[in-house]
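Read off the chains here:
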Amino acid sequence: MKKLDFYILGKFLGTFVFAILLIISISVVFDLAEKIDDFLEHSAPLNAIVFDYYANFIPHFANLFTPLFVFIAVIFFTSKMAYQTEIIAILSSGVSFRRLMVPYLIGAAIIGSFSFLMGAYIIPPANKVRLDFENTYIKKRRETGMNNIHMQIEPNVFVYVRRYSSLREVGDDFSLEIFDGKLLKKKITASSAVYDTATLGWSLKNYEVREFLENDRQLISEGAQMDTVLNMKPADFKEERKFFETMNNTELDRYINEQQQRGVGNVEEFLIEKHRRTAAPFSAFILSIMGLSLASRKVRGGMGLHIGVGIALSFGYILFMTVSTTFAINGNMSPWLAVWMPNFVFALIAAFLYHKAPK
């Protein structure tokens with residue numbers, strides 16, 4: 001690296017850090033104004049507000065919007081260099097536009113790598129503390145149940161629940177099927193399955209047991225209540241808000257594999273989070289190239305035009321990501337494609353802007 005590389009890299013990282021601090025400061029002020037009543041109502045201790053909530057809220061928020069901060073930072077300091085004719089001087093000295101991109105890509109690599117490590121392994125345990133604080137001192141988060149659950153709890157053992165209420169910890173219209181290969185050997189149905197916290201088992205209400213014997217014979221028994229020990233727990237039927245944010249990459253992969261092996265649906269949000277942790281840091285490269293190509297040209301309208309276009313593209317990126325992930329959650333699109341599609345589209349935009357950039 002040469003002095004020019006260090007000069008540009010210093011401006012890149014310095015502007016990025018400044019933008020992060022500025023946006024976070026504003027966000028903390030607005031968040032505090034919104035939640036101050038909850039803090040007072042629930043008598044939240046000051047040290048818990050500072051160290052349990054905001055100390056974990058700040059890195060979570062900063063990492064969530066890191067790619068966009070990268071884009072805005074590149075737009076800002078590159079526009080300033082362009083209007084001080086620094087870009088023209090650099091290109092006139094024999095430095096190619098491709099060579100000029102090197103410190104930008106190095107900066108994107110530094111920020112992207114740090115963002116990946118933060119999102120994959122450091123922020124998830126911090127989110128546990130933050131979300132626990134929210135559940136204790138802010139308006140309580142509501143866990144929602146699941147409908148039409150069909151999953152495998154053991155080899156050849158399948159469970160179906162029409163609806164599970166996480167508040168009552170009761171599953172309505174419960175059925176359990178035991179197979180021997182493709183042959184159904186036993187089926188248990190019940191009007192409801194209630195979790196017993198004392199025995200850590202399940203109590204089946206108004207149950208019926210059918211055992212399928214040879215020669216198409218059936219052995220049927222029924223009763224008001226049956227206590228069972230099944231390889232499932234209430235957490236398997238809960239869609240707790242932002243539960244995936246508390247898992248590091250290893251835990252997230254393990255959870256997804258376990259749920260898929262058991263045949264549980266509704267893992268799209270977890271798959272989206274898994275792919276987002278890789279796609280978001282990678283987008284720093286695309287947005288850096290786009291920002292350099294867009295802001296390196298000195299045009300009529302001043303620096304404000306570049307910043308305005310940059311903010312518009314940033315909102316376009318967020319909107320695109322929101323729409324595509326909504327399609328994935330509804331089951332109409334692959335989670336991988338939903339997360340990476342904005343990167344693919346903006347990569348094409350970056351390639352076009354690079355082609356039009358002054359060489």
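This section reports on the structure supplied with the text. (Residues numbered from 1 in each chain as written. Predicted model: local features only at pLDDT ≥ 70, side-chain atom pairs only at ≥ 80, totals over all residues. Heavy atoms only, no water.)

**A word on the pairing of strand 4 (residues 183–196)**
Strand residues, when the strand is regular, have side chains that alternate between the two faces of the sheet. Where strand 3 (residues 170–180) meets strand 4, ten bridges bridge the pair, whose relative direction is antiparallel. Bridge pairing links G171 to A193 in strand 4. Hairpin connection of strand 3 to strand 4: two residues between the antiparallel strands, including G181 at a positive phi of 75 degrees. Relative to strand 5 (residues 201–212), strand 4 runs antiparallel, the two being bridged by ten bridges. Within strand 5, the residue paired with K187 across the bridge is R210. Hairpin geometry of strand 4 and strand 5 is characterised by an intervening segment of four residues between the two adjacent antiparallel strands and by a positive phi of about 60 degrees at L200. (Pairing = 2+ DSSP bridges. Helix = DSSP H or I, 4+ residues; strand = E, 2+ residues; numbered from the N terminus.)

**Side note on the side chain of S192**
By the secondary structure assignment, S192 is in strand 4. The exposure class of S192 is buried, given its relative accessible area of 11%. Here S192 is in contact with V170, G171, D172, D173, S203, L204 and K205, once residues within four sequence places are set aside. (Buried < 20%, exposed > 50% of the residue type's maximum accessible area, 1.4 Å probe, protein only. Contact = heavy atoms within 4.5 Å.)

**A closer look at a nonpolar patch on the surface**
There is a patch of nonpolar side chains on the surface, built from F18, L22, I23, I26 and F30 and spanning about 510 Å² of accessible area. Assignment of secondary structure puts I23 in helix 1 (residues 3–41). (Patch = residues over 30% accessible without salt bridge, like charges linked within 9 Å, V, L, I, M, F, W, Y side chains within 5 Å. Areas by Shrake-Rupley, 256 points an atom, 1.4 Å probe, with all protein chains shown as cover. Salt bridge = Lys/Arg side-chain N within 4 Å of Asp/Glu carboxyl O.)

**Brief notes about the packing of aromatic side chains**
Between two aromatic rings, the relevant description is the distance of the centres plus the angle of the planes. By the definition in use, this model includes 25 aromatic pairs. Look at Y54 and F57: their rings are 5.9 Å apart centre to centre, the planes differ by 85 degrees, and that puts the pair in the edge-to-face class. Remark: F57 and Y54 occur in helix 2 (residues 46–64); sequence separation between them is three residues, near one turn of the helix. A relative accessible area of 10% means that F57 is categorised as buried. (Phe/Tyr/Trp six-rings, centres within 6.5 Å; stacked < 30°, edge-to-face > 60°.)

Purely geometric numbers; function is a separate question.
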